[in-house]
Amino acid sequence: MLMQQLLNGVVVGSVYALFALGFTLLFGVNHIMNMAHGSVFMWGAFAGLYAVTMLDAPIYVALLIAMLAGGLVSVALDVFAFRPLRRRNAPEFSAIVASIGADLVLLAIAQKVSNTAVMRFPFDAFPVVVYTVFGLRIQLLQLVIIGLVVAMVFGLVWYLYRTTFGQRIRSVAYSEQTSRLLGINPGPVNMQVFLISGALAGMAGVLIGLVFNSVHFAMGEPLLLRAFVIIILGGLGSIPGALIAGLAIGIVQTLAVAYVSSGVAEAVVFVALFIVILVKPTGLFGQSTAAMRIQRA
Amino acid sequence: MTATLVLQDVARHFGGVPAVDKVSLQVPAGQITGLIGPNGAGKTTVVNLITGLLHLSSGKVLLDGRDVSRDEAPDLARAGVARTFQNIRLVPDASVLENVVAGFHRHEKAGLWANLLGLPSARAEAKWMNERAMALLERFGMTALAEHRAGGLSYGHQRRIEMMRALATEPRLLLLDEPVAGMNDAEAESLAGIFRSVAASGVAVLLIEHNMRFVMSLCSHLYVLASGRLIAEGQPDAVGRDPMVVEAYLGA
Amino acid sequence: MMNFFYTYQSLFDHILVYALLALSQYVVLRAGVFSLGTAGFAALGAYGCALLITKAGWPPFAAIVAGTMLGTLASALLAFPLSRLRGVFQAVATLALVQIVLSATQNWVSVTNGALGVNGIPKVAGTGVLLSVVVVVVLLLVAMGRYSVGRAMDVIREDETVAVSLGISVPYYHRIAFILSGLLAGLGGALQATSSYAITPGEFGFGMLVATLAMVVLGGRTSVWGALVGAAILTTLPELFRVFADYRNVVQGILLLLVIVYLPRGVADTVIAMLRDRRLRRRATPLPADPVVGDPASTGAPPVNPSIDAGVHA
């Protein structure tokens, strides 16, 4: 029984990690806490769902559509909310407020379109196949999810560390000013980052929609809050941190829901966040940039 | 008599790269000491180290004989260390007067509750600070601009506001980080007069500048920094003729 | 005339309560503290007050004070660790706080009655009480803003490095702002409870968080009037125009976006600045050139460098 719950926790945790990866990437490169990331995730889920229900698309196509939708919404956020602020050199505060505003708009549109309904993927969207190994029930879906997440992570790491585009992204993350001096135009770099993080969020949307069997306009909010815990626990801008913390949160939450109650599980997650922020805001793997930055440029 | 500010072998590394390496200097009261060097020599880093915005990797900073190497920036400011910034840092939406009054913070005596409730002691203190600030504005010839938005004024005016704010703290040590950058000679000369009078009143002044000519007429002693190291020091004329200094500037 | 007033009385009450909450948000933002915790402290104030009245039989005004104290105590405890954080971290920590309080009020059913909320709270906070409280608070905040505390907060908000170099202790003022914010929020929450007969957990969730933030962003975060104007506008709009009520969230969202991008200082603060500039231009003589200091004939001197002396911008 415990092993079963652990497996469930790993599956959920890996999707959390996927979502948090996009979030932490944005922070690492742009120093933005994108409060609308949860809605990007939700729009990805919606896109995937409508692809299946209205276009009769097979699930893997729906997944691709979800990634595309997530990426586009994310880039739109950059263009309409963040870019004008960057141009003005606006303070951090403005970016967060702008993302809150954008989040409200995205939520409201989704609410209207879906009529506040809780929808679900059709029963046959993903083949229901269960393997029983040593008394453990493993669904094909679970294996596919883990596989996809692993693939995405490898893909991201390869992209960041082995391609020129990725190199440029890392350079801008390190210092936008220096990168400009080196001739790297931050504009396309930022767009790529938003695109990638949005795509990851969109994929996560469909996967969560399948795992929990529900797609709902407010599904992004709890995920965003968990993402906060994950990236702060794992360290802002740290990829391994997001992965490990994501898995940890997924496991802790699943176990808490199974053995205590969902209400308590919520509370535990946030108290954990609170304590981590107060005790070690840089997280387990983060850089020391989280500490008091007295000197501004 | 010990100098107001003494640096002993001060160094600062950034991940193995020395930005400032074994710098020793003295800034006595009542004189203007200059710290010059080509761009990127580390002059602003030295200022940040003195004012506590950066921690020392090694070495000592002594203020009137007291070791302040480990002191935090607000403590140093309260001990009488004032500075101006290379890139002007004012509160753009506040008036000139308000910007200058901010400098009186370390002299405030009225308690927290008096200020929260607007009691007479707080009001009297505010009045006193406004008067002192206006006196400073008069000294700098800017009384007509007291209510103007600081952010909308010319570069020359903004430099002056920064200066007034630093003087409002009534410092023992005044660090001027490229105070006349971008000014023409006439404007620079008018500020020079003020620096001389500040030094004459007993303050130790460290002038960081890039402009050799300006520095020559003003400073009684010069230190030359290049690539984080002191390459020369002494009387301005001698330093100006030092071949190493000439090379550092020409090569930069 | 009085008829008009009675019709809109409950709207007015609502504006007054939200004015307090907006002021709570304003206080922290003015000092550069990025706290979003107003809704959480308001919940503590509201529930503290409501439960003391309905379950412990306390006299209402004593309960209001107690509720306010609860909010203040919570913010005082948190002020110390929170003053060590900056920006985004303060935001996330206070967001988590709101969520924690929300979870507690929703799930601790034995104490808080869960999602059903607390009912039957006597309405002791009528318009008169609310108005007096708001007036007193505004006077105190205006006084605070005028003297050393307000000045220090302004410098800290605009440029922390400068504040530090002037000897201002940043954590100290962050704490003051945070505790004041908790006090005002607790008071606002307690008054909300005693002016609307019932409270539910949902009232103190992200809806309130976003609303109070939007009010201060819209009105302006550097002056007291900003919070008041923002509260008045955002509370009144849904009443005047049905469309705003139905699409409340979209409107708030779009407003937040447009204001923060195009009018970052907020409506009230921008107007105040414009009025001040106009007053100066009307009263002042043409801008003097950079004078040569110490020269008594300086006002008659020709401009030294006309291109630099561009003069005041509107």
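Report on the accompanying structure.

### Observations regarding the overall build of chain C
Argument step 1. Summing up its helical and strand segments, chain C has 15 helices and zero strands in all.
Argument step 2. Looking at chain C residue by residue over its 314 residues, the buried ones come to 54%.
Argument step 3. Sequence-distant contacts in chain C: of pairs separated by 6 or more residues, those separated by 24 or more amount to 77%.

### Observations regarding the overall build of chain A
Argument step 1. Across its full length, chain A holds eleven helices and two strands.
Argument step 2. Starting at the N terminus and ending at the C terminus, chain A contains elements arranged as α-α-α-α-β-β-α-α-α-α-α-α-α.
Argument step 3. For a compact globule of 297 residues, the expected C-alpha radius of gyration is about 19 Å, and chain A comes in at 19 Å, within 12% of that figure.
Argument step 4. Overall, chain A is about 60 × 45 × 35 Å in size when its C-alpha atoms are taken along their principal axes.
Argument step 5. Within chain A, the fraction of its 297 residues that count as buried is 50%.

### Section: the packing of helix H2 (residues 9-30) of chain C against helix H10 (residues 170-193) of chain C
Residue and element names in this part refer to chain C.
Argument step 1. At a closest axis distance of 8 Å, the pairing of H2 and H10 adopts a crossing angle of 170°. Classed by the angle they form, the pair H2 and H10 counts as roughly antiparallel. Between H2 and H10, the contacting residues are Val17, Leu20, Leu21, Leu23, Ser24, Val27 and Val28 on the first element and Ala177, Phe178, Leu180, Ser181, Leu184, Ala185, Leu187, Gly188, Leu191 and Gln192 on the second.
Argument step 2. Partitioning the contact of H2 with H10 into residue classes produces 13 nonpolar, four polar and no charged.

### Details of the nonpolar core
Argument step 1. If you look at the biggest cluster of nonpolar residues, it comprises 288 residues, and the most contacted ones within it are Phe19 of chain A, Val205 of chain B together with Ala19 of chain C.
Argument step 2. Sort the elements by how many residues they give to this core and H10 of chain C lands first, with 14 residues.
Argument step 3. Apart from residues no more than four positions distant in its own chain, Val205 of chain B is found in contact with Ile32, Thr33, Leu174, Leu176, Phe195, Val198 and Ala199 of chain B.

### Some thoughts on the sheet that holds strand E2 (residues 17-27) of chain B
Residues and elements named next belong to chain B.
Argument step 1. Strand order in the open sheet formed by four strands is E2-E1-E4-E5, with antiparallel pairing between adjacent strands. The outermost strands of the open sheet, each flanked by one partner alone, are E2 and strand E5 (66-67).
Argument step 2. In the sheet, strand E1 (residues 5-14) pairs with E2 via seven bridges, with the strands oriented antiparallel. Bridge pairing links Leu7 to Leu25 in E2.

### A few points about the interface of chain C and chain B
Argument step 1. With 40 residues of chain C at the interface, the matching set in chain B holds 43 residues.
Argument step 2. Put simply, the parts of the chain that give the side of chain C that touches chain B at least two residues each are helix H7 (127-146), helix H8 (148-158), helix H9 (160-165) and helix H15 (267-283) of chain C.
Argument step 3. A breakdown of the residues in the side of chain C that touches chain B according to their chemical character gives 22 nonpolar, ten polar and eight charged.

### Comments concerning the sheet that holds strand E3 (residues 32-36) of chain B
Sheets are built from strands paired through backbone hydrogen bonds, the pairs being either parallel or antiparallel.
Residue and element names in this part refer to chain B.
Argument step 1. An order of E6-E7-E8-E3-E9-E10 is seen for the six strands of this open sheet, with the pairing classed as mixed. Single-partner strands in this sheet number two, and they are strand E6 (81-83) and strand E10 (229-234). Strand-to-strand twist across the sheet, computed as the mean angle between neighbouring axes with direction ignored, equals 20°.
Argument step 2. Sheet topology note: the E6/strand E7 (residues 173-177) ladder contains three bridges and is parallel.

### Here we look at the environment of Leu181 of chain A
Residues and elements named next belong to chain A.
Argument step 1. Here Leu181 is to be found in helix H7 (residues 176-181).
Argument step 2. For Leu181, a count of 9 C-beta atoms within 10 Å translates into the label exposed.
Argument step 3. When the C-alpha atoms of Leu181 and Ala248 are compared, they prove to be 40 Å apart, with 67 residues separating the residues in sequence.

### Details of the packing of helix H4 (residues 92-114) of chain A against helix H11 (residues 206-219) of chain C
Argument step 1. Close contact between H4 of chain A and H11 of chain C brings their axes to 12 Å; oriented N to C, the two are set at 125°. In terms of orientation, H4 of chain A lies oblique with respect to H11 of chain C. The two elements H4 of chain A and H11 of chain C cross, and the hand of that crossing is left-handed. The residues of H11 of chain C that touch H4 of chain A, namely those facing Val97, Ile100 and Leu104 of chain A, are Val210, Leu213 and Val217 of chain C.

### Considering the environment of Asn8 of chain A
Argument step 1. One can find Asn8 of chain A in helix H1 (residues 2-30).
Argument step 2. Sequence spacing of Asn8 of chain A and Gln139 of chain A is 131 residues, and the spatial spacing of their C-alpha atoms is 9.9 Å.

### Regarding the pairing of E7 of chain B
All names here are of chain B.
Argument step 1. Counted residue by residue, E7 has five buried out of five residues, so it is predominantly covered.
Argument step 2. Burial of E7 is two-sided: the residues Leu173, Leu175 and Asp177 facing one way and the residues Leu174 and Leu176 facing the other way are all buried.
Argument step 3. One ladder, built from five bridges, connects E7 with strand E8 (residues 204-209); its direction is parallel. Bridged to Leu175 within E8 is Leu206.
Argument step 4. Handedness of the crossover is the feature at issue here: the chain leaves E7, passes through helix H7 (residues 185-200), returns alongside E8, and the resulting connection is right-handed.

### Topic: unusual backbone geometry
Argument step 1. Notably, Asn213 of chain A is not glycine yet its phi reads approximately 55°, a positive angle.
Argument step 2. Looking at the secondary structure, you find Asn213 of chain A in the loop between helix H8 (186-211) and helix H9 (220-234).
Argument step 3. The class of Asn213 of chain A is exposed, set by 11 C-beta atoms lying within 10 Å.
Argument step 4. With a phi angle near 50°, Glu178 of chain B is a residue other than glycine that sits in the positive phi range.
Argument step 5. By secondary structure assignment, the location of Glu178 of chain B is in the loop between E7 and H7.

### What about the pairing of E8 of chain B?
Residue and element names in this part refer to chain B.
Argument step 1. Counting buried positions over the six residues of E8 gives six, a clear majority of the element.
Argument step 2. Because side chains alternate across E8, one face comprises the buried residues Ala204, Leu206 and Ile208, and the other comprises Val205, Leu207 and Glu209, equally buried.
Argument step 3. As defined by bridge partners, E3 adjoins E8 across five bridges and the pair is classed as parallel. Considered in E8, the bridge of Ile32 is made with Val205.

Definitions and cut-offs
- Residues numbered from 1 in each chain as written.
- Chains lettered and ligands numbered in written order.
- Predicted model: local features only at pLDDT ≥ 70, side-chain atom pairs only at ≥ 80, totals over all residues.
- Helix = DSSP H or I, 4+ residues; strand = E, 2+ residues; numbered from the N terminus.
- Buried ≥ 20, exposed ≤ 12 C-beta atoms within 10 Å, placed from the backbone.
- Contact = placed C-beta atoms within 7 Å.
- Rg over C-alpha atoms; globule rule 2.2 N^0.38 Å.
- Axes fitted to C-alpha atoms, helices over the stretch in contact; angles between N-to-C directions.
- Parallel < 35°, antiparallel > 145°, perpendicular 65-115°, else oblique.
- Nonpolar A, V, L, I, M, F, W, Y, C, P; charged D, E, K, R; others polar.
- Core = buried A, V, L, I, M, F, W, Y, C linked by C-beta atoms within 7 Å.
- Pairing = 2+ DSSP bridges.
- Left-handed = near helix turned anticlockwise from the far one by under 90°.
- Right-handed = clockwise from strand over helix to strand, strands pointing away.

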